[in-house]
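Each chain, written out:
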Amino acid sequence: MRMQTIFRAPLAAVMALALSAALWDASPATAETTWADPATLETALETLQPGDTLALRPGRYPRLHLTRGGAIARPVTLRAADAENPPVFPGLILRGADHVVLDGLAFHLPGGTEVDRRFARVEDAQDVTLRRLRFLGARRPDDTGVPRPWGFGLSVTDGTDIEILDSEFSGFARGLVASGVERLTVARNLLHGMRVDGMNFAEVGDVLIEDNEIRDFDRVEGAGDHPDMIQFWTRGTERPSTGITIRRNVLNSGTGSFTQSIFMRNELIDTHQAGEDMFYRDVVIEENVILNAHLHGITVGATLGLTIRRNTVARNASSDGPYDNRNLWTPRINVASVSRDVLILGNVVHGLPEPGWDGSWTMVGNQIVQDRIPGQRDHYDQVFFGVSPETPAMLADFAARPGGLLDGREIGAPRLVAISAELDKGAPAALPDPGARDMRGVIRLDPAQGAILSDGGAGSAPFERDIGGPTIIMGDTIEPLVLTREMTAPLFDASRFAIRMRLRARGDFRTAGEILRLHQSLMLRSTGRGAFEIDVRSAEGGRTILKSRPTRLYRDDEPLELIVAYDGPVGMVSILINGETVGRKPFTGTLRPVQSWGLSFGNPFGTKLSFDGVIEEFEVRTDPGDLSDVFSIIDTSFVR
């Protein structure tokens, strides 16, 4: 059978086998190790035979130019004689040289204006291993005269069986650019300080991108760059990339500005220049940690056969862009709707794509998390161990928080699951509040700032709404003051709360109307007789309407101190005026969470009258805050 296989092969393949065998037989029986320095390198290269090793002493060498290599299973190896003090080259040209290993060398891009930006190139080569190399970039002035990272770290073109392992790339415009390569492995490398892109790929096949760390870009916002950590493209190509695995990488914007993370746009399909023959094929993106601040966390264009599995994709708020657009600065998973045979499984992420139309998509076991509505069970400060939007992201911060949604679950990046298991399972210490006081579970009027402040989440500065003065002026039935949903978050799902305000009317009974409304959840109003009525609805479907006895709201010039309190989740709703209990009624459950409404001071629809008056003090407190000072003064024996 073996002889039949050989004779059925094309003549060219038989000749190639014969040539390989001849090279093997012609190789010396024993490999040799030769020592070289900058003065002897050229001569040493001329005498290299398959299987030989060239040990390079420390020093600064001329550009390394290789055009011939070794043989199958007998590569020529160039390695550093001293791993702690590697030889330094100003460039690399490896062209048509097969079966080569470069180990422990350094390549530093010169800073001169005559230097080719692709200073290190591997072209038309087979069976090449680049291991433990150091690629160091250079800076050139941009249009404003400021020096910026420039050049490409390594370019690989038209090769087969190429490995790039355990190497470091720093300070380039682009770190690694590969095109026309089959069987490419990029593993355990560190890329940092890039200006534009970490890794670029086009027309590649059977690609493994595994266990790399890409972090801390050195980029300039507004410079016209479109930075990506890992990018694939089809623009200007004739065949798509296929057989792609992107696994166990850490992509962290860290101390740098935002970038796109894994971005695989299929330009030829998007612009209707090609058909299904240009779809990416057989793509697996799994077990990656992505901490960044751009919506393209994992974005994949038209693809046949796509698996996105067990990735953690979260926002590094310290890398946000220059303007307020939380949707743009929050990474998510995006997939072109024309893709087929799509599996999206077990990811932890802010958002997922809408399934494609053809029925071949499966999305199962994913966990949505968010950092917009504090106090919710899916908010970062409830899900992750210790995320702070004030400091650059670190891996341990995104481990599972004890008792949170991810605790004990095999979901998201396994690297973070492993870190979670190693951390002390006690609850982490509270993150410092960068505001002037603790705001957890609080909405509060700050007269000195002329603003309403609200809990911004653990470690975050409070949300702030400017009101233009020290008091809340009410009575505008056209455009009442309405807080955003994010600022209203402390009331969502609240099982205990206290709303305290000091208010006065600006007239007689005709100033009565709605004071507060959280639509379909909570409504507080005053009546013409000076009574207060609270209407609360629970997430479980319950409803309680409580009306107090009349007060002196319209008869005195002095303001009243009004407290509405609920001590749940099974308890009573109470109304207090100037410390006296004036209404009390049973209520069970948690406040009904409403998806789009925020807290309104008055009726937000213009369909009913709003209270016409002034709120001089205002505070909402909810779990987990201490409410004992309120509940201790309630007359629990009150009966109306």
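Everything quoted here is computed from the prediction, not taken from an experiment.

1. A few points about the overall build of the chain
The helix and strand tally for the chain stands at 7 helices and 50 strands. In summary, the chain has a C-alpha radius of gyration of 33 Å against a globular reference of 26 Å for 640 residues, an excess of more than 25%. Referenced to the eigenvectors of the C-alpha coordinate spread, the extents of the chain come out at roughly 110 × 55 × 50 Å. Residues classed as buried in the chain amount to 53% of the 640 residues present. Only carbon and sulfur atoms are counted for the fraction: they give 50% of the accessible area of the chain, which is about 28000 Å². Treating the 68 positive side-chain charges of the chain as one cloud and the 85 negative ones as another, the clouds have centres 4 Å apart.

2. Things to note about the pattern of salt bridges
For the structure shown, the criterion picks out 43 salt bridges. As a salt-bridge pair, E168 and R134 come within 3.8 Å of each other at their nearest N and O atoms. Taken together, the positions of E168 in strand β16 (residues 168-170) and R134 in strand β12 (residues 134-136) put the pair 34 residues apart, joining distant regions of the chain. When its relative accessible area of 31% is taken as the criterion, R134 is described as partly exposed. For D270, the salt bridge is made with R265, and the minimal N-O distance between the two is 2.8 Å. Taking relative accessible area as the criterion, D270 reaches 38% and is therefore assigned partly exposed. With a relative accessible area of 34%, R265 lands in the partly exposed category.

3. Side note on the nonpolar core
Most often, soluble globular proteins keep nonpolar side chains buried together rather than apart. Ranked by size, the top nonpolar core spans 74 residues in total, and within it L64, L102 and F201 carry the most contacts. The element that contributes the greatest number of residues to this core is strand β17 (residues 174-187), accounting for 5 residues. L102 has contacts with L64, L66, L78, L92, L94, F107, T129, L130, R131 and L133, leaving out every residue within four places of it along the chain. Listed in part, the 47 residues of the second largest apolar core include I452, M501, V564 and L591.

4. Topic: the environment of D397
Take D397: it is sitting in the loop between α5 (380-383) and α6 (414-422). Look at D397 and you get buried, because its relative accessible area is 18%. Ignoring anything within four residues of it in the chain, the contact list for D397 reads F384, F385, G386, V387 and P392.

5. As for the environment of I269
Within the secondary structure, I269 sits in helix α4 (residues 267-270). You can call I269 buried: its relative accessible area is 12%. Taking the C-alpha atoms as reference points, I269 and I162, separated by 107 residues in sequence, lie 29 Å from one another. Among all residues touching I269, those that are not within four sequence positions of it are A274, G275, M278, F279 and A302.

6. Comments concerning the packing of aromatic side chains
A complete count under the given rule lists 13 aromatic pairs for this structure. Between F135 and F169, the ring centres sit 4.7 Å apart and the planes meet at 10 degrees, which makes this aromatic pair stacked. You can see F135 sitting in strand β12 and its partner F169 sitting in strand β16, a full 34 residues away along the chain. Given the relative accessible area of 1%, F169 is considered buried. With centroids separated by 4.7 Å and ring planes inclined at 45 degrees, the aromatic side chains of F258 and W329 adopt a geometry described as tilted. Taken together, the residues F258 in the loop between β24 (250-252) and β25 (260-264) and W329 in the loop between β30 (312-315) and β31 (332-335) connect sequence positions 71 residues apart. For the residue pair F258 and W329, the accessibility class agrees, reading buried in each case. Following the ring pairs from residue to residue traces out a cluster consisting of Y61, F89, F107, F135 and F169. Of note, R140 hangs over the ring of W150, and the distance from its end group to the ring centre comes to 3.6 Å.

7. Some thoughts on the pairing of strand β7 (residues 92-95)
Relative to β7, strand β4 (residues 64-66) runs parallel, the two sharing 3 bridges. Bridging across to β7, H65 finds its partner in I93. Pairing analysis gives 4 bridges linking β7 to strand β10 (residues 120-123), with the strands arranged parallel. Bridged to L94 within β10 is V122.

Parameters and conventions
Residues numbered from 1 in each chain as written. Predicted model: local features only at pLDDT ≥ 70, side-chain atom pairs only at ≥ 80, totals over all residues. Heavy atoms only, no water. Helix = DSSP H or I, 4+ residues; strand = E, 2+ residues; numbered from the N terminus. Rg over C-alpha atoms; globule rule 2.2 N^0.38 Å. Buried < 20%, exposed > 50% of the residue type's maximum accessible area, 1.4 Å probe, protein only. Areas by Shrake-Rupley, 256 points an atom, 1.4 Å probe, with all protein chains shown as cover. Lys, Arg positive; Asp, Glu negative; His and termini not counted. Charge placed at Lys NZ, Arg CZ, Asp CG, Glu CD. Salt bridge = Lys/Arg side-chain N within 4 Å of Asp/Glu carboxyl O. Core = buried A, V, L, I, M, F, W, Y, C linked by side-chain atoms within 4.5 Å. Contact = heavy atoms within 4.5 Å. Phe/Tyr/Trp six-rings, centres within 6.5 Å; stacked < 30°, edge-to-face > 60°. Lys NZ or Arg CZ within 6 Å of the ring centre and 35° of its normal. Pairing = 2+ DSSP bridges.

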